[in-house]
Every structure is written in structure tokens, then in C-alpha cells.
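Observations on the three-dimensional arrangement
Each chain is listed here by its residues.
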Amino acid sequence: MRKKKAREPKKIAKTARKLRGIKAKLFTKKRYAEKATMKKTIKAHQEKDAKTKDGDEVKPGAVPAYLLDREQTRRTKVLSNMIKQKRKEKAGKWQVPIPKVKAMTEDEMFKILRSGKRKKKAWKRVVNKISFVGDNFTRKPPKYERYIRPAALRMKKAHVTHPELKMTFCLDIVSVKKNPQSALYTTLGVMTKGTIIEVNVSELGLVTQTGKVIWAKYAQVTNNPDMDGCVNAILLV
Amino acid sequence: MYKFKEIQTIPPAKQLVDIVLSKTQRKTPTVVHPGFKITRIRAFYMRKVKFCQTTFNEKFTKMLEEFPKIDDIHPFYADLCNVLYDRDHYKLALGQVNATKKIVDNIAKDYVKMMKFADSLYKCKMLKRAAMGRMCTSVKKLTGSMSYLEEVRQHLGRLPAINPATRTLILTGYPNVGKSSFMNIVTQANVDVQPYAFTTKSLFVGHLDHNYVKWQVIDTPGILDHPLEDRNTIEMTAITALAHLPAAVLFFVDISEMCGYPIPIQVALFHSIKPLFRNRPLLIILNKTDLRKLSELSPEDRALIDSMADADHGGAAVQFFETSCASKDGVDAALTKGCELLLDRRVEQKVKSGKADSLRNRLHVTNMTAPVNRPPCIPSSVAQQKGGDGNTAEQEQHEKLERERMEELGGAGVYSVDLWRRALLEDTSWKYDVVPEIMDGHNVIDFVDPDIDKKLEMLEREEAMLMAETSLGDDEEVLKKWKHTQGFLDELHSKMRQRRIERKLAKSRNGNPVTRKKMKKGSEVEKELNEKGLDGAKVRGRSVSKGRKDRDSSILGKRKRDATENGEDQGRAESAARMRSVSRMKGLPTEKAANDVEKVRRKRMKLREKDGRKGEGDKWVPDWKPKHLYSGKRGIGKTDRR
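- An unreviewed UniProt entry lists chain B under the name Nucleolar GTP-binding protein 1, with Polarella glacialis as the source organism.
- If you open the UniProt record of chain B and go to Function (unreviewed entry), you find "Involved in the biogenesis of the 60S ribosomal subunit."

- The name given to chain A in an unreviewed UniProt entry is Ribosome biogenesis protein NSA2 homolog, with Polarella glacialis as the source organism.
- Under the Sequence similarities (unreviewed entry) heading, UniProt states for chain A: "Belongs to the eukaryotic ribosomal protein eS8 family. Ribosome biogenesis protein NSA2 subfamily."
- What the UniProt record of chain A gives under Subcellular location (unreviewed entry) is the line "Nucleus, Nucleolus".

Here you go:
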């Protein structure tokens with residue numbers, strides 16, 4: 001066992017010399033991480049032993065000795081808590097984590113589905129993005145169905161992060177509240193980056209100030225669901 | 001039995017991810033361009049995702065298949081696994097692997113579906129990345145259970161190969177009472193023996209031959225006397241072996257008390273684990289007699305040991321043996337007795353279960369004994385032959401063997417084999433005649449014909465017969481006849497040659513119209529034939545008579561129809577009737593033949609009419625299923641427009 005340990009570095013060096021390509025990349029990455037942690041621990045050990053000087057620096061705005069114990073207050077800046085709260089609320093009401101989104105063109109959004117005997121008619125559209133479709137939705141007869149939302153691109157769940165708890169939950173989507181791209185997408189239930197969705201938070205057990213259980217809350221989509229294949233959102237609190 | 005050793009190593013979860021990803025990279029195509037057709041790009045990335053998933057799936061399936069299912073294996077092993085690895089933990093780990101397998105499958109399914117709608121290379125790529133990332137994350141969560149399973153695998157591989165069904169002896173007792181030393185004496189196994197308790201920490205297996213069959217000896221760790229719940233893992237392995245293996249039990253008691261446990265404690269252990277010995281042959285080995293004899297024991301201890309004998313033990317009496325592993329006294333006796341008891345028990349069980357009957361039905365044991373004097377059996381025919389010729393000197397002097405001949409004539413290397421000695425020829429003096437291989441530049445063997453004599457004879461006979469027949473007489477007459485025929489043939493041939501040349505010349509005028517051959521007049525034909533010395537009038541006959549008649553009637557003018565009394569006219573009518581019949585026969589010799597021809601013609605006509613043909617030359621093939629009438633969809637009510 002002792003000898004095995006002693007031979008280890010030589011063995012590692014040998015593999016490091018031999019490896020090529022992706023394997024070498026992976027290996028060096030791992031090795032780099034190991035070395036970094038090693039250095040850190042060594043440094044921590046050294047610091048533990050070393051004596052450090054106490055902070056003798058003179059703070060800016062030196063005060064005479066008789067004023068040392070007094071806390072300074074700057075009246076001009078002090079505002080009552082109530083006003084603070086109110087301002088925050090007012091500002092926060094319309095503030096969302098992602099305030100601006102990139103505009104999307106129509107042909108990025110939809111694919112034209114040609115119909116008719118000679119595929120001459122081009123009035124049908126297939127929604128190319130992930131969309132939310134309610135449980136009780138039934139498709140219209142083909143003659144009247146302008147927008148098709150493929151079953152493969154429908155999502156019912158979202159990974160919602162609670163910003164204060166710093167936790168992520170997989171929650172049911174209740175509805176799409178607002179798609180910043182256009183009102184049409186909102187009605188279609190298309191979810192793109194920046195879309196506000198309503199999620200079912202009953203599992204989290206949130207309560208209002210009056211003590212009622214909160215069933216649903218808004219959340220904003222933070223990723224491109226059609227690229228990632230899942231909906232990530234941040235809860236708006 | 002079970003193949004615990006053949007379970008494949010389980011890499012740690014992180015390594016498994018690396019393995020699978022690099023395998024995906026290696027085994028799937030790597031070149032794709034945005035200029036490719038979108039279907040091709042999609043297929044490229046879908047293949048990657050599917051491949052990754054199948055690789056994960058294979059790995060997990062193999063894991064799940066190879067690890068023993070605790071419910072399916074022998075209860076001894078099942079219990080041992082429970083004791084050593086904790087059944088719940090084990091099942092949970094395998095369950096997690098199974099769950100992850102399903103998760104990976106589902107992820108791949110979803111992402112492949114989504115990829116079908118991706119409209120650019122970038123989107124496909126991002127989806128692939130997301131899919132693989134999610135698969136790997138779910139696999140990484142298995143880290144704990146994978147490392148646990150790897151440990152289990154290593155331990156399982158090192159378990160002794162105990163066959164729960166065979167003849168087995170189990171050694172048990174307090175720690176340090178000499179179980180392992182007994183094992184070392186009895187079998188080839190080299191078990192560690194040390195002068196402290198719990199030297200043996202797991203089960204050990206040794207094998208020995210007794211009564212021409214193999215026996216299994218299991219050395220168990222020592223057991224202390226306390227309730228089952230308090231027992232540790234080491235003790236529990238011994239308990240599982242005792243509980244599940246149908247074996248003879250050798251309970252060891254150290255009567256010298258050198259092990260550190262006094263006799264009363266050891267006896268107490270016996271009484272507490274007594275239920276485990278039920279229905280099993282039990283032997284009590286009083287070990288270490290070289291240190292203290294049984295007779296030297298105090299009366300209290302003696303009474304305690306005797307109390308073990310009274311134990312209620314399925315009717316069979318408990319056997320006591322005094323042994324000493326140091327001096328090897330009584331070891332063999334104990335072993336033999338143990339083996340015998342177990343064998344009896346097993347045979348008894350087999351008889352009870354009826355297995356023996358099915359075997360006995362197929363067997364037949366004879367009681368015949370072999371005769372003492374058994375002379376060789378020689379068939380009468382052979383004996384006769386021997387008796388008839390055997391006495392003659394010739395037979396006794398057997399023909400010389402080739403080997404003997406060789407020895408006589410100088411031995412190996414000098415002697416050359418006489419290949420012609422046994423040749424069967426008509427005349428024995430020919431044997432050593434020299435046969436040339438090549439004669440007049442020809443290979444003789446090419447001209448050798450075994451039937452040459454016969455053929456020659458046949459030829460000679462034929463010639464003789466021909467000679468006899470040559471009574472043709474005058475040669476001159478024959479020659480004359482021959483010359484005449486020859487001249488005739490020459491003339492004919494020259495004519496043919498001439499005609500051929502003429503034809504060739506006519507043909508050589510390329511593309512010129514060929515004039516129609518003029519029909520020869522009857523008179524010309526007649527003339528030609530007459531020139532050749534044949535009867536031309538015979539050929540002409542009918543036409544001559546007809547022509548003459550016509551000429552005659554022309555004199556009479558056009559009155560022949562009404563002229564009935566006219567003899568000549570009557571004759572004309574007769575001839576007309578005949579002519580009509582001739583036309584009905586169509587120039588065929590008999591009426592029957594004509595009828596047959598007519599029948600065939602009608603039949604042909606019938607077929608043609610049925611098909612609606614215009615005539616023989618009508619070869620038109622109709623299009624029964626025109627494409628334009630049969631292609632296209634025929635959905636709801638759209639028969640007219642396709």
C-alpha cells in the first residue's frame with residue numbers, strides 16, 4: 001500500500017505523457033482541478049500557522065477619541081421604512097429579471113405548411129417553438145386549423161427557481177400570461193425566452209400575508225426552450 | 001452453480017459517463033455541415049442521441065442481469081448476501097440503476113421527437129447537447145450505488161464456491177477451539193490458524209475424498225453465546241451456513257479450556273443453538289485431548305458434557321468423539337462417522353422422496369457368478385480348417401515375410417524390394433522382361449490397350465466375312481457402272497456450282513430491285529422435261545385437256561347454259577360438278593384431310609373473334625389498367641378528381 005502510493009505520481013506522469021486527443025484534454029482538466037485544490041489546502045494550512053497582523057490601518061474620516069463610540073447617522077439619506085417599501089413595490093411591480101428580449105421574425109417562429117392537391121395553398125402554419133397547450137384543448141377540423149402546435153413540442157412542466165430560496169422545483173404550467181414577442185404568441189401559448197408564465201405553486205406551500213394558500217404564481221422563462229428541450233423559469237416574487 | 005466471479009467490473013459513475021461519451025464520439029459519424037439537407041443533419045444528430053442512449057442502456061441491462069437476484073438464488077446465498085451486504089441496500093442500489101435506465105430512455109425519446117422539428121444545424125446541435133447532458137447528469141446521480149455495487153461485486157467474487165446441494169460437513173463451536181486446525185488436517189485447504197479468537201472471519205471451504213466421493217468441509221467463524229440480534233456479521237455468516245445447508249454438523253468443544261471459554265459456557269452455546277442442528281447428523285468433537293483427557297474432567301463438567309447427549313435431537317443419538325489436532329488422534333474416526341451418518345441420511349431421504357424408485361425400475365442386477373475355468377472360444381469352422389491343413393509341413397512353414405527376406409539379403413539399405421515378384425502374368429517367365437518406355441519417339445504406355453487382342457480378333461473375323469462375300473464377279477462391269485454414275489454426278493455438281501455463281505453475281509448488285517420471276521408456261525415445262533428424257537405430257541395432262549375444251553366451247557358461243565340437249569354441254573356439266581367438289585377439298589388429296597384443315601382454321605378464327613382481333617396480324621396488346629384511372633388517393637368522396 002505504501003509502495004503503491006509512492007509509485008502513484010510516476011504512474012500519473014506516464015499516463016499524462018501517453019494520452020492524446022480528447023482523453024488528454026479530459027485528463028489535464030481533471031489534473032488541473034486536483035492541483036488547484038491541493039494548492040488551496042496547502043495554502044490554508046500555511047495560513048493557519050502564520051501569524052497575521054491585525055488591521056492597524058487608519059480608516060478614512062478619522063474621528064477624535066471622544067467621538068469613537070458614537071455611531072454616525074446621515075440624516076439626509078434616511079427614509080422611513082414605509083416609503084422604502086412602497087417605492088420598492090412600485091418599482092418591483094413591473095420589474096422582471098429579463099426586461100428585454102430579442103425580436104423574432106415570423107419565419108423563425110412558424111413553418112409554412114403547404115396544403116391542397118397541388119400543395120399550392122400556403123395558409124397553414126406550424127409553430128416551431130415550444131408551446132403550452134391546455135388539457136382540454138381539442139384540435140379544430142383541418143379546414144379551420146390555421147396554427148398547428150405539434151405534440152412533440154408541447155410542454156406541461158417547467159423548472160422554476162425560487163430566487164430567495166435558491167431552489168428549483170419542477171412545477172406544472174397553468175397558462176401563458178404574456179409573450180413579449182406578440183399577442184398572437186400569447187394566445188397560442190408559445191414559450192420563448194422572457195415569456196411570463198403562470199405556474200402552480202401549491203406544492204411549495206406558499207401563503208399570503210393574510211394566511212391564504214397561494215395556488216399559482218407568475219414566472220419568467222429564462223432559457224430558449226426550443227434549444228434546451230425544457231423550460232427553465234424564475235419565480236416572480 | 002452460481003457465477004459470481006463472472007460479473008463484470010462496474011466503473012464509477014463519472015468514468016461510465018466518460019466511457020459512453022467517448023464511445024459515442026468514436027462510433028458515430030463526426031462530419032456535418034450546415035449546407036447539408038436538413039433531414040440529413042437531423043439524422044446525424046438523432047443517431048448520436050440514440051447511440052448514447054443504447055450504450056447506457058446496454059451497460060445498465062448487463063449490470064442488472066449479472067447481479068444475482070436475491071429472491072431467485074439458493075436461500076443460503078440469499079441469507080449470506082443479506083448478512084454481508086444488507087438486502088435492502090442491495091435491492092435499492094439495483095432499483096436505482098433500473099430507474100436511471102428508464103430515465104435515460106425517456107430523455108432520448110423526447111429529444112429525438114423534438115429534433116424532428118428542428119430547422120437548423122445549430123438547433124439540432126443544441127438539442128443533442130442538452131439531451132446528452134441530461135442523460136449524463138442522471139447517470140452521475142448513481143455515483144453512490146455504483147460504488148456500492150462495485151464493492152459487492154468484488155466481495156461476491158471472493159466468496160468460497162460452496163455448493164449447497166452436495167455432501168457437506170460443517171465445523172462449528174466457540175472461537176479458538178480448533179476448528180481450523182481440524183480443517184487443515186482433514187483437507188488440503190490452508191486455513192490460517194492462530195492462537196487467538198476470531199482468526200477465521202468468514203467461511204472457508206475444503207474438499208476431501210471419502211468413500212470415492214467428494215466431500216465439502218466448511219470451516220465457520222466461531223460463535224459466541226448471545227441472542228441472535230446481538231450477533232455480528234462474522235457470527236451471522238456461520239449461522240446462515242448452519243441454518244441453510246443440509247450437512248453433518250461437527251460441534252467442537254475444547255475440553256482443555258485453553259481457548260479461554262470454560263466448558264459450561266461452551267455447553268450453554270450448544271443448548272442455545274441446538275434448534276439449528278435439527279434433522280442433521282450431529283457429532284460432538286471433544287477437542288484438545290492431548291492437553292486434558294476426558295477422564296481428567298471434574299464430575300460437574302462431565303455431567304454438563306453428558307447433558308449434551310440427552311438433547312432432543314430428532315431421535316438420533318448424539319455421537320461423542322475425543323480428538324486431538326496436535327497428535328491427530330481420533331480425527332479420522334470422527335470424520336468417517338460423520339460422513340457415514342450424512343450419507344445414510346441422504347440415502348434415506350432419497351428413498352423417501354421416491355427418487356430411488358424411478359432409478360430402480362430401470363436397473364437390473366444379476367446374481368450370476370463368472371465360471372472359474374474359461375477356455376478360449378474358437379468357432380467350429382476355424383477349428384476344422386486348422387485341423388485339416390494345420391498338420392502339413394507347408395502350412396507350418398509359412399511364407400517368408402518381406403521383412404525376413406530383407407534380413408536375409410543384406411538388411412535395410414542393401415535390399416531392394418522386388419516389385420514384380422507377385423505379378424500375375426500368363427507366362428511367369430515374362431516377369432522380368434524389360435519393357436521399353438519409349439519406342440520410335442512414342443510413349444509406349446499411351447498405346448497400351450488391354451482389349452487389343454479382342455479387337456484384333458473382331459477385325460479379322462469381319463475381314464474374313466467380307467472376303468467370302470466378294471463373289472461380285474467381274475471387276476470391269478462394276479467399274480463401268482461406277483463411271484457412269486460418277487459422270488452423272490459430275491454434271492449435276494457442275495450445274496449446281498454454276499447456279500451458285502450466278503446467284504452470287506445477281507446478289508452482288510446491292511439494293512437493286514429483283515425482277516419477279518416469270519411463271520413458266522406449261523409448254524415450256526413440258527419441253528424441258530422432254531429434253532431431260534422424262535415424260536412431260538404427264539405433268540401437263542390436265543391443263544392440255546382443259547384448254548382444248550375451252551377452245552371447243554368458244555365455237556358454240558354463249559349458249560351453253562340453256563343448251564341442255566347438247567351432249568357436249570352435258571359433259572361440261574359433269575365436269576363442273578367434279579370441279580366444285582375439288583374446290584371444296586382445297587387441293588387436298590382426300591375429303592377427310594380437307595375437313596381437318598377446315599376444323600383447325602375455324603378454331604383459330606374462333607380465338608381471334610373472341611379477342612376481337614382484326615386478323616392474324618393483329619398483335620395489339622390492350623392496356624387493361626390504365627395508370628390515369630387507377631392512381632391517386634381515393635379519400636372521402638373524391639372519385640371524380642384524382
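Further notes follow.
1. Some thoughts on the overall build of chain A
- Counting its regular elements, chain A contains six helices and eight strands.
- Counting all 237 residues of chain A, 26% fall into the buried class.
- The contacts of chain A with a sequence gap of at least 6 include a subset with a gap of at least 24, amounting to 44%.
- Here chain A displays about 19200 Å² of accessible surface, and carbon together with sulfur accounts for 56% of that area.

2. A closer look at the pattern of salt bridges
- With the rule as written, the count across this model stands at 23 salt bridges over all chains.
- When the shortest N-O distance is used, the salt bridge between A:Glu108 and A:Lys129 registers 3.9 Å. Taken as a pair, A:Glu108 in helix α4 (residues 106-109) and A:Lys129 in the loop between β2 (121-127) and β3 (147-148) lie far apart in primary sequence, 21 residues in all.
- For A:Lys129, a relative accessible area of 5% translates into the label buried.
- Two residues, B:Glu348 and B:Lys352, come together in a salt bridge whose shortest N-O distance is 3.9 Å. Within this pair, B:Glu348 and its partner B:Lys352 are both found in helix α11 (residues 331-353), separated by four residues, close to a single helical turn.
- The partly exposed category is assigned to B:Glu348, whose relative accessible area is 45%.
- Judged by relative accessible area, which is 68%, B:Lys352 ranks as exposed.
- Among the charged side chains, a network of salt bridges with common partners joins A:Glu108, A:Lys129, A:Asp226, B:Asp119 and B:Lys123.

Cut-offs and rules
- Residues numbered from 1 in each chain as written.
- Chains lettered and ligands numbered in written order.
- Predicted model: local features only at pLDDT ≥ 70, side-chain atom pairs only at ≥ 80, totals over all residues.
- Heavy atoms only, no water.
- UniProt positions renumbered as here; feature names shortened; annotations may be inferred.
- Helix = DSSP H or I, 4+ residues; strand = E, 2+ residues; numbered from the N terminus.
- Buried < 20%, exposed > 50% of the residue type's maximum accessible area, 1.4 Å probe, protein only.
- Contact = heavy atoms within 4.5 Å.
- Areas by Shrake-Rupley, 256 points an atom, 1.4 Å probe, with all protein chains shown as cover.
- Salt bridge = Lys/Arg side-chain N within 4 Å of Asp/Glu carboxyl O.

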